[in-house]
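Take a look at the letters that make up each chain.
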Amino acid sequence: MIALITGSTAGIGKATAYKLAENKYNLILTGRRNDRLNAIKQDIEQKFSVKVITLCFDIRDKAACQNALFSLPKEWQQIDVLVNNAGLAQGLSTINNGLEEDWETMIDTNIKGLLYVTKIVSNWMIERQQGHIVNIGSIAGKEVYPNGNVYCATKHAVDALNKAMRIEFLPYNIRVTGVHPGMVETEFSLVRFKGDAQRAKQTYIGLQPLTAEDIANTIAWIVQQPPHVNINEIVIMPTAQATTRDIIKKTN
Ligand code: NDP
Ligand code: 8X3
């Protein structure tokens, strides 16, 4: 079995790589930070005796996506599981104060990048009449919160694309699942706040957020279902979070 995980240099993608390797998947790992990709490849191959191929490219770059994926040897194009995980939020501000370059980064990564990869891999899956695509959405794709505007819009798009894939790939025996997490402690907030570690840390103080491993375990469970079972979508939250705005934080 082969799994391709986009954005596997950190957070949910990295944890999913380890979990699926433990379950004996050979892996194709992608991201922009090649030093991390190489270190993760070496560690996973040593720990789990599976094969790992790394592809270093920026998912916003259509030609780079195509070059990287079509460079895969034929036997590695037989992908059983695609986890569309690479994504980010950048900035937290109202639309009138928003930065156009932040919007473009989020739209190009979370929507267009996901589409570039899915187009190529889904065609390989259609040829084999099998496969499973797991789209990492967010609770931000189910609700909208103040200052989250464009990030929420991109994750609503992921939710819509997940539903579209489920319908369009139905004739080809391809399973499709949307995973919509609430707050997960990863590098997400560090990226959102552009390296402001203090502000990123604040996000998680006073509550127990989900871990990347919680989401990886959920993904492993989803793809382990028997072939006749499709989990259409799953919303997973920390116990201390009910919605994007209803969060219980302890003050001491
Ligand atoms: P991290 O910042 O820890 O990881 C994000 C990953 O995406 C990294 O591996 C990064 O790799 C990759 N990535 C980002 N931009 C690009 C790009 N342009 N090209 C290629 N790879 C890219 O965040 P998370 O693990 O938390 O995020 C993973 C997914 O989960 C995202 O889609 C996010 O929206 C979603 N999510 C996160 C939640 C949270 O609270 N953390 C909650 C709900 C959903 P590199 O920088 O090496 O390119
Ligand atoms: C990440 C969760 O609530 O910060 O997708 O948008 S949230």
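So, how was this worked out
Residues numbered from 1 in each chain as written. Chains lettered and ligands numbered in written order. Predicted model: local features only at pLDDT ≥ 70, side-chain atom pairs only at ≥ 80, totals over all residues. Heavy atoms only, no water. Helix = DSSP H or I, 4+ residues; strand = E, 2+ residues; numbered from the N terminus. Buried < 20%, exposed > 50% of the residue type's maximum accessible area, 1.4 Å probe, protein only. Salt bridge = Lys/Arg side-chain N within 4 Å of Asp/Glu carboxyl O. Axes fitted to C-alpha atoms, helices over the stretch in contact; angles between N-to-C directions. Parallel < 35°, antiparallel > 145°, perpendicular 65-115°, else oblique. Left-handed = near helix turned anticlockwise from the far one by under 90°. Contact = heavy atoms within 4.5 Å. Near = heavy atom within 4 Å. Polar contact = N/O pair within 3.5 Å; in protein donor to acceptor, adjacent residues only side chain to side chain. 1 Å grid on protein atoms, 1.4 Å probe; cavity = no way out; pocket = protein on both sides within 12 Å on 5 of 7 lines; lining within 4 Å. Sits in = over half its atoms within 2 Å of the grid points. Nonpolar A, V, L, I, M, F, W, Y, C, P; charged D, E, K, R; others polar. Areas by Shrake-Rupley, 256 points an atom, 1.4 Å probe, with all protein chains shown as cover. Points joined across faces, edges and corners; volume = space filled by probe spheres on them.

J.: Looking at this structure, I do not really get unusual backbone geometry. What am I missing?
T.: The general pattern is negative phi for most residues beyond glycine and trans for most peptide bonds. In this model, K24 sits at a positive phi of 75°, which is unusual for a non-glycine residue. Locating K24 in the fold gives a position in the loop between α1 (11–22) and β2 (26–31). The backbone phi angle of N147 is positive, close to 75°, even though this residue is not glycine. Mapped onto the secondary structure, N147 falls in the loop between β5 (131–136) and α5 (149–168). Using a relative accessible area of 32% as the deciding quantity, one classes N147 as partly exposed.

J.: I would appreciate a short explanation of the pattern of salt bridges in the present structure.
T.: On inspection of all chains with the given rule, the structure shows twelve salt bridges. The closest approach of N and O atoms between E187 and R36, which form a salt bridge, is 2.8 Å. Linking E187 in the loop between β7 (184–185) and α6 (188–192) with R36 in helix α2 (residues 34–48), this pair joins segments that are 151 residues apart in sequence. Of the residues examined, E187 reaches a relative accessible area of 27% and is grouped as partly exposed. Here the salt bridges do not stand alone but share partners, grouping K142, D159, K163 and E233 into one network.

J.: When you look at the packing of helix α3 (residues 62–70) against helix α4 (residues 100–128) in this model, what are you seeing that I'm missing?
T.: For any two helices packed against each other, one specifies the inter-axial angle together with the distance between the axes. As a packed pair, α3 and α4 sit with axes 9 Å apart at the nearest point and diverge in direction by 30°. Compared by their axis directions, α3 and α4 come out roughly parallel. Judged by the twist between their axes, the crossing of α3 over α4 is right-handed. Facing K62, C65, Q66, L69 and F70 of α3, the residues of α4 in contact are Y116, V117, I120, V121 and W124.

J.: Help me out: how do you make sense of the environment of W103 in this one?
T.: With respect to the helices, strands and loops of the structure, W103 is situated in helix α4. Here the alpha-carbon distance between W103 and A220, two residues 117 residues apart in the chain, equals 32 Å. Beyond its immediate stretch of four places on either side in the chain, W103 contacts I95, G98 and V150.

J.: Looking at this structure, how should I read the site of ligand 1?
T.: In the vicinity of ligand 1, 30 residues are found, and the nearest of them are T9, R32, N85, Y151 and T186. Separating an oxygen atom of ligand 1 from a side-chain N or O atom of K155 is a distance of 2.9 Å. Take T186: an N or O atom from its side chain is 2.6 Å from an oxygen atom of ligand 1. Placement of ligand 1 is best described as lying within the largest pocket. Counting residues per element, the ones that place at least two in the shell around ligand 1 are α1, α5 and α6. A per-class count over the shell around ligand 1 returns twelve nonpolar, twelve polar and six charged.

J.: Before we go on, may I ask you to explain the site of ligand 2 in this structure?
T.: Around ligand 2, the surrounding shell consists of S138, I139, A140, Y145, Y151, F188, R192 and T244. At 2.5 Å from an oxygen atom of ligand 2 is found a side-chain nitrogen or oxygen belonging to S138. Note that an oxygen atom of ligand 2 is positioned 2.6 Å from one of the side-chain N or O atoms of Y145. Its free accessible area being 240 Å², ligand 2 has 82% of it covered by the protein chains. Split by residue class, the shell around ligand 2 holds five nonpolar, two polar and one charged.

J.: Looking at this model, I keep getting lost on the layout of surface pockets. Mind explaining?
T.: Any space left empty among the atoms is revealed by the rolling of a water-sized probe across them. As a volume, the largest pocket reaches approximately 1,200 Å³. Lining the largest pocket are 50 residues, with A89, Y151, T186, F188 and S189 sitting closest to its centre. Where the lining of the largest pocket is concerned, the elements lending two or more residues are α1, β2, α4, α5, α6 and α7 (197–204). A volume near 210 Å³ is recorded for the second largest pocket. Taken together, M1, Y25, D80, V81, Q130, G131, H132, N173, R175, V223 and P227 make up the lining of the second largest pocket. The residue inventory of the lining of the second largest pocket, partitioned by class, reads five nonpolar, four polar and two charged.

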